[in-house]
Structure formats: C-alpha cells, structure tokens
Amino acid sequence: MAWDFSTDPEFQEKLDWVEQFCREQIEPLTLAFPAAGWPVGRPPAVNRLVDGLKDQVKEQGLWGIFLDKDIGGPGFGQLKLALLNEILGGYNAAPAIFGCQAPDTGNMEILAAYGTEEQKKKYLEPLFAQTMRSCYSMTEPQGGSDPRAFITHAERDGDEWVINGEKWFSSYGRFADILIVMCNNGMFIVEKGTPGIEFLEGAGIHAHIRYNDVHVPAENLLGPEGGAHQVAQRRLGGGRIHHAMRTVATVKKAFDMMCERAISRRSHGKVISEHQSVQNYIADSYADWQMLRLLVLQTAWKIDNSSAQEARTDIAACKFTAAKVLREVVWRAQHVHGALGVTDLTPLQGMWNTAPYMSIMDGPDEVHRVTVSKNILAGYTPHEGLFPTEYLPGKRREAREQFQPIIDADPDLKEYVAEMDQRGRRWG
C-alpha cells in the first residue's frame, strides 16, 4: 500500500522556481501594468515584457502545464498541476503567462480529446501557442444550469450546419477568434466574423450572443453528432477542478494576510491576535484551508489514477467546497483588517467579489450538492425491517447468538451475561 504526502525533490525545485518567478517577476509586472495579463490593447513594450516572461516559462518546460505530452504539454497530470496552480492562483496574470488561461484551457482540452487532426492543426495548435483566443458559448438565458432546457440548434444543410439560438455569459466572446458553441444536437466551432453572429448587451467580458442562421462547415462539428453533453462534461469537469486548484491559492493568500494583520494591529489595549474571536478566525480558517487543499489534491490524484468521470463526485465536492471556504476565509480576513478590508486598497475585496461567482459558474453549488448526494447514496442499500442496521438491541442479539454455545457451557460466563443484561435494562 502506497500512501505519501511528499513531493519529489525534482518537482519541488520546479515549484520553488515558480513561486519565486511569480513573486519577483509576474507580480511586479502586473502591479506596474494592471492589464498585463489581458492581450487586447497592450502596447508593444508590455507585449515584449510579457513575451520575455513566457520564454522563461517555456525554458523551464512549464508551458501549457495542463496538456499531455502528445499535444505539446509537459504531461504532468492533475496532481502536479494542482500543486502548480496552488501558486499560480495567487497571481492574476500567471495563468496567461504559463499558457493555461481560461477559457482557452478547457477548449484546448476538448479539442485535444475530440478534435479531428484537421481541427487540431487549425485550432488547437494556435490556441496552445496563444496566437489565437477562444470562447466557450454554452449558457442560455432560459436554460440556467440545466442544459436540457437549451434550445440552440444546428440544422444540417448539405455540407454545412446552420446554427440558430441565443447564448450569454460567453466569456471573452467579443475578443475570441473562435467560439465553441454548444447546441442541443452537437458542439460546433464557429470562427470570428462568420455572418449571423450578433452581439447583444452583455456583462463585462461575458458576451450575450444571438446566432442568426450562422453557417459553419460540416467539418466544424466537434465530437460526435448529438454528443454535445458528453463533450461539455469533459470540459466542465476539468474546469471545475482547475478553478478549485486556483482557489486554494486565493484562500492561502487571504489567510496569510489575516495572520499578518492579526499580529500587527492593536485594538482595545492589545494586539488583536490576543482577542479570542480573532484566534477563532485563524484556527477555523487554517482548518478550512487545509481541508480544501487536501480534498483538491486527493481529487487530482484520483483523476490521474482513474479518470475525471470516475472522480466526478469528488470534483463536484471540490467545486462547492472551494466556493464555501473562499467565502468564509475572506470574510474573516476582511473583519481582521477592519474598514481597510472592504476597500480596493488590498486584494481582499476583489477576492470577496469572486466568491458569489465561484458559487455559480460551471453550475451552481446547489446542483453539485445534488450530484454528490445522488452519487453517494447510490452506493448504499435500504435496511430491512423497522429498525436501522446499527440498531444496538438487534446487533446485540445477533452477537449473542454467535457466542451462545460458549455462554451455555460456562456457568460463570452465563451469570456474567445475565448481570450485564440486568444492568442494561436498569440503565437503559
């Protein structure tokens, strides 16, 4: 039986490099140029600085860390990716500089898993090189978290498909070179500028799109016809665990900020770390952070040793647990910081703003709790009779039957049993 909580020394050296690189190079760049991680509208000088950082990542063999070796990534697997994301999640621009930014990561994964050789050449390779950007266009206004309510549909017309429908919260849709559109009868790749794509009033980077007789070539079907749900589950499973990985980093940062502030600030005549309520905040937050971290790492290990499908219960548990822990730890950190904690002068308010988002994106927490409950209960069977399996009088009778021959053969033991039964009746 193998059971190990250690990281091999060679990979730990990589993690140490990543932590130092993010702290000493990525963070200063994004503080000086806050939009450095966003590729649209950057001046050439910032592009050169960002490209220089990307070159360093590639030299370390860490570019596209989520992809397997056969499609250009290092093939680390989910457990090592979780350990890396535990660092990257603390720096907004880090995922883009390491070639693992959303939503491109999930789109690359399904292109790698379901794409034809032509689709991989035309779309996956440029996405991996960041010469192309993508959007995942799934959610519909009337559908919410229930894909069975989606009505966007594609009709076959000769050597084309014609898409009609409406999507919203299609992240980065206005800036994407390709949109991967989920229809109720298949997943399709739609290129930027295709006639019939109409952008409505969206929510920031989250586009609201109407598809009006959008014609795409037949070869732009991604995965099997009618297999949109299958393809989507592959994509969303990876997205959920990756969000949870990065949330561990955010929680750790909020925790560190809380601890530093607790031993630095005075209130009512003493350092606030001496107040019991603050001590409770720190103790509870430490336990919450560690439980989330271990749950995420264990889930990543399960994916590596089975599949995302086999680990779907754990992935769902990670998803809603990450949102819950983020919400609670950031709330405590804000209170330890006082009024400063609810301003934009520290990262805490930005973290707090992401907590509701974490609870809704990739399916609301309530849906994932239902998934976990159903999957767990499927492994149990109802007990027979009026009383549960652990009903002690019934279990005691069965145990007594097992030892009855010994009891009957030993007068002292028989007397002892009778005495125990009498005490049980008297005390019960």
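Note that this is a predicted model, so its numbers are computed, not measured. (Residues numbered from 1 in each chain as written. Predicted model: local features only at pLDDT ≥ 70, side-chain atom pairs only at ≥ 80, totals over all residues. Heavy atoms only, no water.)

Trainee: Before we move on, can you summarise the overall build of the protein with the specific residues and values?
Mentor: Helix and strand counts for the protein stand at 13 helices and ten strands. Taken along its principal axes, the extent of the C-alpha atoms in the protein is 95 × 70 × 45 Å. For the protein, buried positions account for 44% of its 428 residues. Restricting to contacts in the protein with at least 6 residues of sequence separation, those with at least 24 account for 69%. Of the roughly 23000 Å² of accessible surface on the protein, 54% is carried by carbon and sulfur atoms. Taking the average place of the 45 positive charges on the side chains of the protein and the average place of its 56 negative ones, the gap between the two points comes to 5 Å. (Helix = DSSP H or I, 4+ residues; strand = E, 2+ residues; numbered from the N terminus. Buried < 20%, exposed > 50% of the residue type's maximum accessible area, 1.4 Å probe, protein only. Contact = heavy atoms within 4.5 Å. Areas by Shrake-Rupley, 256 points an atom, 1.4 Å probe, with all protein chains shown as cover. Lys, Arg positive; Asp, Glu negative; His and termini not counted. Charge placed at Lys NZ, Arg CZ, Asp CG, Glu CD.)

Trainee: Account for the sheet that holds strand S5 (residues 186–191), naming residues and giving values.
Mentor: Overall, mixed pairing links the four strands, which are arranged S1-S4-S5-S8 in an open sheet. Only two strands of the sheet have a single partner each, and these edge strands are strand S1 (134–137) and strand S8 (221–222). Pairing geometry for S5 and S8, over two bridges, is antiparallel. Its bridge partner being in S8, Phe-188 is matched across the sheet by Leu-221. The strands that helix H5 (residues 104–114) touches are S1, strand S4 (178–183), S5 and S8; relative to S1, the one it contacts most, it runs at about 80°. In the packing of helix H6 (residues 117–128) onto the sheet, contacts are made with S1, S4, S5 and S8, and the angle to S5 comes to roughly 70°. (Pairing = 2+ DSSP bridges. Axes fitted to C-alpha atoms, helices over the stretch in contact; angles between N-to-C directions.)

Trainee: Explain the side chain of Lys-120 residue by residue, including any values.
Mentor: You can see Lys-120 is positioned in helix H6. Among all residues touching Lys-120, those that are not within four sequence positions of it are Leu-111, Ala-112, Gly-115 and Glu-125.

Trainee: How would you sum up the sheet that holds strand S3 (residues 160–171)? Please name residues and give values.
Mentor: The four strands lie next to each other as S2-S3-S7-S6, forming an open sheet whose pairing is antiparallel. This sheet does not close on itself; its edge strands, each paired only once, are strand S2 (153–157) and strand S6 (197–203). The sheet shows a mean angle of 15° between the axes of neighbouring strands, direction not considered. Sheet topology note: the S6/strand S7 (residues 206–217) ladder contains five bridges and is antiparallel. Of the residues in S7, the one forming a bridge with Leu-200 is His-208.

Trainee: I'd like a description of helix H9 (residues 312–337), backed by residues and values.
Mentor: Given 3.6 residues per helical turn, the α-helix brings residues three or four places apart onto the same face. Taking 1.5 Å per residue, 26 residues should reach 38 Å; H9 reaches 37 Å between its end C-alpha atoms and fits that length. Most of H9 sits inside the fold, with 20 of its 26 residues counted as buried. Looking at the residues trailing H9, positive phi occurs at Gly-338, about 70°. (Expected span 1.5 Å × (residues − 1).)

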